[in-house]
Amino acid sequence: MTVRLSDPSVTGTRTPGLLLGIDFGGTKMAVGVSDADGRLLAHRRVPTHAEQGASQALSRALKLAGDLVGEVGGPLAAAGVASPGVVRPDGIDLAPNVPGWERLRLADAVRDALDVRRVAVDNDLNAAALAELRLGALRGVDPGLVVGIGTGIAAAVTVGGAVLPGHRGAAGEIGYAVAGAPWPGTMLELDFSGRALDRLAADLGVPDGAAGLTAAAETPGAARDALAARVDEAARTLVTCCLLLDPQRIVLVGGVTRSAVIRRMLVDRLTEALPHPPDVVRSRFADDSALYGALALARDTVPVPH
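In what follows, the accompanying structure is described. What you see is a predicted model, and the numbers here were worked out from it, not measured in a lab. (Residues numbered from 1 in each chain as written. Predicted model: local features only at pLDDT ≥ 70, side-chain atom pairs only at ≥ 80, totals over all residues. Heavy atoms only, no water.)

Overall, mixed pairing links the five strands, which are arranged E3-E2-E1-E4-E7 in an open sheet. What marks the edges here is a single partner per strand, and that holds for strand E3 (40-47) and strand E7 (119-123). Ignoring which end each strand starts from, the neighbouring axes of this sheet average 15 degrees apart. In terms of strand pairing, strand E1 (residues 18-24) meets strand E2 (residues 28-34) through six bridges, oriented antiparallel. Counterpart to Leu19 in the pairing with E2 is Ser34. Seen against the sheet, helix H3 (residues 124-135) touches E1, strand E4 (76-83) and E7 and runs at an angle of roughly 105 degrees to E7. Set on the sheet, helix H9 (residues 289-300) makes contact with E1, E2, E3, E4 and E7; between it and E1 the angle comes to about 140 degrees. (Pairing = 2+ DSSP bridges. Helix = DSSP H or I, 4+ residues; strand = E, 2+ residues; numbered from the N terminus. Axes fitted to C-alpha atoms, helices over the stretch in contact; angles between N-to-C directions. Contact = heavy atoms within 4.5 Å.)

Let us now look at the side chain of Thr257. Along the chain, the position of Thr257 falls in the loop between strand E13 (249-253) and helix H8 (260-273). Not counting chain neighbours up to four residues away, the residues in contact with Thr257 comprise Ile149, Leu252, Arg263 and Arg282.

This brings us to the sheet that holds E13. With respect to topology, five strands assemble into an open sheet ordered E10-E9-E8-E13-E14, the strand pairing being mixed. The open sheet has two edge strands with one neighbour each: strand E10 (162-164) and strand E14 (279-282). Along the sheet, successive strands turn relative to each other by an average axial angle of 30 degrees, direction set aside. Sheet analysis places E13 next to E14, joined by four bridges and oriented parallel. Residue Leu252 lies in a different strand from E14, and its bridge partner there is Arg282. Contacting strand E8 (144-149), strand E9 (153-159) and E13, helix H7 (residues 222-245) runs over the sheet at an angle of about 165 degrees to E8. Contacts from H8 reach E8, E13 and E14 within the one sheet, and its direction differs from that of E14 by about 170 degrees.

Here you go:
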């Protein structure tokens, strides 16, 4: 798919050079290189191997990034990085799925490894929301909500054509929402996420993890009943988000949202519970929205000559 990252509100030719995007996830990492206008020139995904820790994941991603830049050829003008959690200059909060991730200094690591001065880092769902605003299903939509269901679950809010970070950069961390009873129950991410559904499938004796579970849930039975109970927990949180925000549209991203049965269940519950249900769509680049957002972050760091 050919995609331009151009922001229609900005005119002029930017400094020539390549843009690099890196999307870190709990299951996979995606690296892409584009030209200055945002046309994707090279793109590759590799597994995160989260159980082996943060250091190896970061090293392999940076090695892949260097290889892709070398293959494409040309100077690197800027890099954008999308990461789970709340990214600070000296660490990362709320990113439990890769051991040691909280100790990383992503911007410094990218600068040192790739000899690039301009590096922007943001939360992965915020990056995905930026991509949807620029390129996808949130163009002309206000307000919007991006919900990512992959290894974990999180959201991003867009208002007035911009992503809302929150006071501490933690807006949309719905994986920490209270689920179950009695109070305080458990975290939503422990009930409804890719990893949670993998565990549920194992408990039910269903092969192939979350994918096998959602396939089995297409027909009535124990798998559908168990999945529906988990979707109910997520729907309660999303109903509250919608009542607070009144979004025009919800955009679903992440691997779990490939499941048609999960999408149908979520839409049915929102339609039943909300006085004004929003439009719900799956992103047209749901598996790569954070990568395109990372490239947009990189592009925004490059000045436009006057």
